[in-house]
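# Coordinate analysis (summary)
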Amino acid sequence: MASPLKVEFQFDFGSPNAYLAEYAIPGIEKRTGVKFEYVPVLLGGIYKATNNMSPSDSLRGIKNKPEYQALETQRFLKKYGITKFKQNPFFPVNTLTLMRVGTAAQFENMFEPYFRAAYHHMWEEPKKMDDPEVFRNAFLSSGIDIDRLYARAQQDDVKKRLIEVTTDAVNRGAFGSPTFFVGKEMFFGKDQLRDVEESIVEQLGGAKAKFA
């Protein structure tokens, strides 16, 4: 039986914290019985709409805070046993193509392999994924029919879908990635995952075992 509670993981492949947060999702799904909906959004569009900016820009010149965030990242890696993560030397990467093709992959029922490959080439064997040739060769090496998906991503319905979900995210309060929605409740960042899980359990109203 499907859960009546809608839980969304809104992400952009260019966000390292979204990559890291995704490691926690399977455990939350198993404990609560709720499946997360993976929603590709365009982080650049969210930043533009909210006048926000990447931490690499907002933290520039600030003493101690970047170092602390690096420490928190190491703690997170240890907590979840994450061993494949590497900082992308080309960060920040323009993710428009990555996210459009990700949306196309959802239309074409090819999302799971595309999602895994995209994260692999962004944060495990990091590459300059906004370079068209690098992009294509990376996905070909992962066995993805990238030419088909890229062509699909040029269609108006795909472009419209990405714009709509990004705009909707902003209208609901989003300002960055990752953002989680548990019903109508919004949570931002990988460090709110405990609250995400608590909200799921609370909103299920004791129905946790029913969906396990």
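Predicted, not measured: the structure shown is a model, and the values here were computed from it.

This paragraph deals with the UniProt feature "active site" (unreviewed entry) in the chain. Mapped onto the present numbering, the UniProt feature "active site" (unreviewed entry) falls on S15. Mapped onto the fold, S15 is located in the loop between β1 (7–11) and α1 (16–22). For S15, a relative accessible area of 5% gives the class buried. When neighbours within four sequence positions are excluded, S15 is seen to be in contact with L43, W123, S177 and P178.

All told, the structure shown has 25 aromatic pairs when counted by the stated rule. Look at Y19 and Y23: their rings are 5.5 Å apart centre to centre, the planes differ by 70°, and that puts the pair in the edge-to-face class. Accessibility expressed as a relative area gives 30% for Y23, which makes it partly exposed. Both rings, one in F135 and one in F139, keep their centres 4.9 Å apart while their planes meet at 65°; by these two values the pair is edge-to-face. A residue pair is termed a helical-turn pair when its members lie 3 or 4 positions apart in one helix, as F135 and F139 do in helix α8 (residues 132–141) at 4 residues. Each member of the pair, F135 as well as F139, carries the same accessibility label: buried. Here R172 stacks its cationic end above the ring of F181, 3.9 Å away from the centre of that ring. Geometry around F76 places K190 over its ring, the cationic atom sitting 5.7 Å from the centre.

Of note, H120 is situated in helix α7 (residues 111–123). Each C-alpha atom, one on H120 and one on G102, is 14 Å from the other, the two residues being 18 residues apart in sequence. Residues within four places of H120 in sequence aside, it is in contact with E125 and P126.

Cut-offs and rules
Residues numbered from 1 in each chain as written. Predicted model: local features only at pLDDT ≥ 70, side-chain atom pairs only at ≥ 80, totals over all residues. Heavy atoms only, no water. UniProt positions renumbered as here; feature names shortened; annotations may be inferred. Helix = DSSP H or I, 4+ residues; strand = E, 2+ residues; numbered from the N terminus. Buried < 20%, exposed > 50% of the residue type's maximum accessible area, 1.4 Å probe, protein only. Contact = heavy atoms within 4.5 Å. Phe/Tyr/Trp six-rings, centres within 6.5 Å; stacked < 30°, edge-to-face > 60°. Lys NZ or Arg CZ within 6 Å of the ring centre and 35° of its normal.

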